[in-house]
Amino acid sequence: MIADNLRVHHSRPVTEWVQAHEDQIALFFLPAYSPEKNPDEYLNCDLKQGMSQTPAPKDKPTLTENLRSYMSMLAQTPQRIKKYFKHPEIQYAAD
């Protein structure tokens, strides 16, 4: 798993859990403040751009529905997600 350096990712419960499951998971930390190397940021950018193509929601339920709809579309188009990992700064995560 690739994680940013948010403090909670270094907390005792997380560290203990990862150590107890080291045969099942490896945790890799990104350098401090490196959003260009964080695949999550590419998803965030895609989501923001996609959401800006629809009228601004007037209430929370509409916002939630719009978000779920967009994320559902992404889940059904894995080739789109794979493109995030073709960016030179993210290719390390695809190896």
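On a predicted model such as this, the values are computed, not experimentally measured, just so you know.

### A look at the confidence of the model for the protein
So, point 1. In the predicted model, the protein carries a mean pLDDT of 92, and the fraction of residues at 70 or more is 99%.
So, point 2. Per-element averaging of pLDDT across the protein places strand 1 (residues 2-3) at the bottom with 89 and helix 3 (residues 60-75) at the top with 96.

### Here's the deal with the side chain of Asn38
So, point 1. Along the chain, Asn38 turns up in the loop between strand 2 (28-29) and helix 2 (39-51).
So, point 2. Asn38 gets classed as buried once you look at its relative accessible area, which sits at 9%.
So, point 3. Apart from the residues within four sequence positions on either side, Asn38 is in contact with Asp4, Leu30 and Ile90.

### Details of unusual backbone geometry
So, point 1. Backbone geometry at Tyr33 places phi at a positive 35°, although glycine is not the residue there.
So, point 2. On the secondary structure map, Tyr33 appears in the loop between strand 2 and helix 2.
So, point 3. The class for Tyr33 is exposed, based on a relative accessible area of 77%.

### Some words on a nonpolar patch on the surface
So, point 1. Together, Ile2, Phe28 and Tyr92 give the surface a local cluster of nonpolar side chains, amounting to about 280 Å² of exposed area.
So, point 2. Among the secondary structure elements, Tyr92 is positioned in the segment after helix 4 (78-84).

### Quick look at the environment of Arg7
So, point 1. Along the chain, Arg7 falls in the loop between strand 1 and helix 1 (12-20).
So, point 2. A C-alpha to C-alpha distance of 33 Å links Arg7 and Ala56, two positions 49 residues apart in sequence.

### As for the nonpolar core
So, point 1. One finds Tyr42, Leu47, Met51, Tyr70, Leu74, Tyr84 and Ile90 forming the largest nonpolar core, which totals 7 residues.
So, point 2. Residue assignment for this core shows that the elements contributing at least two residues are helix 2 and helix 3.
So, point 3. Ranked by residues supplied to this core, first place goes to helix 2 with 3 residues.
So, point 4. Residues within four places of Leu74 in sequence aside, it is in contact with Leu43, Asp46, Arg80, Ile81 and Tyr84.

### Examining the pattern of salt bridges
So, point 1. As enumerated under the stated definition, the model contains 2 salt bridges in all.
So, point 2. Note that Glu89 and Lys37 form a salt bridge whose closest N and O atoms lie 2.8 Å from each other. One end of the pair, Glu89, is in the segment after helix 4; the other, Lys37, is in the loop between strand 2 and helix 2, with 52 residues separating them in the sequence.
So, point 3. Relative accessible area serves as the criterion here: at 29%, Glu89 is assigned to the partly exposed category.
So, point 4. Its salt-bridge partner being Asp46, residue Arg80 comes within 2.8 Å of it at the nearest N-O pair. You can see Arg80 sitting in helix 4 and its partner Asp46 sitting in helix 2, a full 34 residues away along the chain.

About the criteria used
- Position labels on residues start from 1 in each chain and follow its written sequence.
- Residues qualify for local features only when their pLDDT is at least 70, as the model is predicted, and side-chain atom pairs are given and counted only at 80 or more; totals for whole chains, interfaces and linings, by contrast, use all residues.
- To obtain the side-chain values, all non-hydrogen atoms of the structure were included, while hydrogens and water were left out.
- Per-residue confidence from the prediction method is given by pLDDT, with values spanning 0 to 100.
- Starting at the N terminus, helices and strands are each numbered in turn, a helix being any DSSP run of H or I of at least four residues and a strand any DSSP run of E of at least two.
- Residue exposure (1.4 Å probe, protein chains only): buried if accessible area is under 20% of the type maximum, exposed if over 50%, otherwise partly exposed.
- Note on contacts: a residue pair qualifies if any of its non-hydrogen atoms lie within 4.5 Å across the two residues.
- Note that patches include only residues with greater than 30% relative accessible area and no salt bridge, and the join distances are 9 Å for like charges and 5 Å for nonpolar side chains (Val, Leu, Ile, Met, Phe, Trp, Tyr).
- Throughout, the Shrake-Rupley method with a 1.4 Å probe supplies accessible areas, and for residues the shown protein chains are the sole cover considered.
- One side-chain nitrogen of Lys or Arg within 4 Å of one carboxyl oxygen of Asp or Glu is enough to make a salt bridge.
- Buried Ala, Val, Leu, Ile, Met, Phe, Trp, Tyr and Cys residues that are joined via side-chain atoms within 4.5 Å together make up what is termed a nonpolar core.

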